[in-house]
Every structure is written in structure tokens, then in C-alpha cells.
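The residues making up each chain are set out below.
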Amino acid sequence: MTHVVSEACIRCKYTDCVDVCPVDCFREGPNMLVIDPDECIDCAVCIPECPVNAIYAEEDLPANQIAFIKINAELALADGWKSITKRKPALPDAEEWKDKTDKVGELVR
């Protein structure tokens, strides 16, 4: 099992989680982060760091977020999705998007 970044991260991209990751498993895309399942060691230190509660252990992922297991795995290997190891500012309109749902259509691959 691994950890998964869910839909809540889309259009927010808070990066508090990357500062605590001991294995640098986060990958950064244009408007969200994903976790590389081949790098994640399931330590769970990232979960409480996320201000929008976007990170779950795979077995705890809500049923409506299961697609993000595949999305994380695919995007972690996608061109342009690079490792991120230091906190950066969130997206400028993150506050507007942090409580919204049904954001998968907003995902920029």
C-alpha cells in the first residue's frame, strides 16, 4: 500500500507535505501534487501536514477518490512532473478552491 493525493489538492497545491517527506516521493504538476507509489514508504507523516486533507493511505481513500490511485501512479511518471522537496507558496487562488469538490475536470496534466 502507498499514500495517495486526492482531488482536494487540485487548484490548491499546498506544499506543506513535501517538507516532511523523508524519501522525496512528491511530484509537482501545474495545479496539484501526486505521490510516486514506487517511492512512498508509507510513513504517513505527510497526512497531517496537508491543510486541505488531500492525502490518504490507499486503504483509507474514500470510494469516490479511488481513481486517484491510478492518477497518482501515472502522473508521477509523466513528463514535466518533477520531484518537489521544498515548500513553495500555494497557488494564488488556493483559498477560493480549497473547499470545492468535483474538481477532477480542473486537473492540468
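Everything below is about the structure shown above.
First, a word on what this report is: a plain description of the structure on this page. (Residues numbered from 1 in each chain as written. Predicted model: local features only at pLDDT ≥ 70, side-chain atom pairs only at ≥ 80, totals over all residues. Heavy atoms only, no water.)

1. A few points about the overall build of the chain
Helix and strand counts for the chain come out as three helices and five strands. Secondary structure elements in the chain, listed N-terminal to C-terminal, are β-α-β-β-β-α-β-α. Rg of the C-alpha trace for the chain: 12 Å, near the compact-globule value of 13 Å for 109 residues, within the 12% margin. Projected onto its principal axes, the C-alpha positions of the chain cover 30 × 30 × 30 Å. The proportion of buried residues among the 109 residues of the chain is 44%. Sequence-distant contacts in the chain: of pairs separated by 6 or more residues, those separated by 24 or more amount to 75%. Counting every atom, the chain has about 5,800 Å² of accessible surface; 50% of that belongs to carbon and sulfur. (Helix = DSSP H or I, 4+ residues; strand = E, 2+ residues; numbered from the N terminus. Rg over C-alpha atoms; globule rule 2.2 N^0.38 Å. Buried < 20%, exposed > 50% of the residue type's maximum accessible area, 1.4 Å probe, protein only. Contact = heavy atoms within 4.5 Å. Areas by Shrake-Rupley, 256 points an atom, 1.4 Å probe, with all protein chains shown as cover.)

2. Some remarks on the environment of Lys103
The topology assignment puts Lys103 in the segment after α3 (94-97). Taking the C-alpha atoms as reference, Lys103 lies 17 Å from Ala90; in sequence the two are 13 residues apart. For Lys103, the residues in contact, after removing those within four places along its chain, are Glu7, Ala8, Cys9, Ile10, Cys12 and Trp97. A distance of 2.9 Å separates the side chain of Lys103 from the backbone oxygen of Ala8, its partner in a polar contact. (Polar contact = N/O pair within 3.5 Å; in protein donor to acceptor, adjacent residues only side chain to side chain.)

3. Points about the pattern of salt bridges
Within this structure, the stated rule accounts for 10 salt bridges. The closest approach of N and O atoms between Asp93 and Arg11, which form a salt bridge, is 2.8 Å. Taken together, the positions of Asp93 in the loop between β5 (82-83) and α3 and Arg11 in the loop between β1 (3-5) and α1 (16-20) put the pair 82 residues apart, joining distant regions of the chain. Linked by salt bridges that have partners in common, Arg11, Asp93 and Glu106 make up one network. (Salt bridge = Lys/Arg side-chain N within 4 Å of Asp/Glu carboxyl O.)

4. Regarding the packing of aromatic side chains
Per the counting criterion, the structure on display carries zero aromatic pairs. Positioned above the aromatic ring of Trp97 is the side chain of Lys100, whose terminal nitrogen or guanidinium carbon lies 4.6 Å from the ring centre. (Phe/Tyr/Trp six-rings, centres within 6.5 Å; stacked < 30°, edge-to-face > 60°. Lys NZ or Arg CZ within 6 Å of the ring centre and 35° of its normal.)

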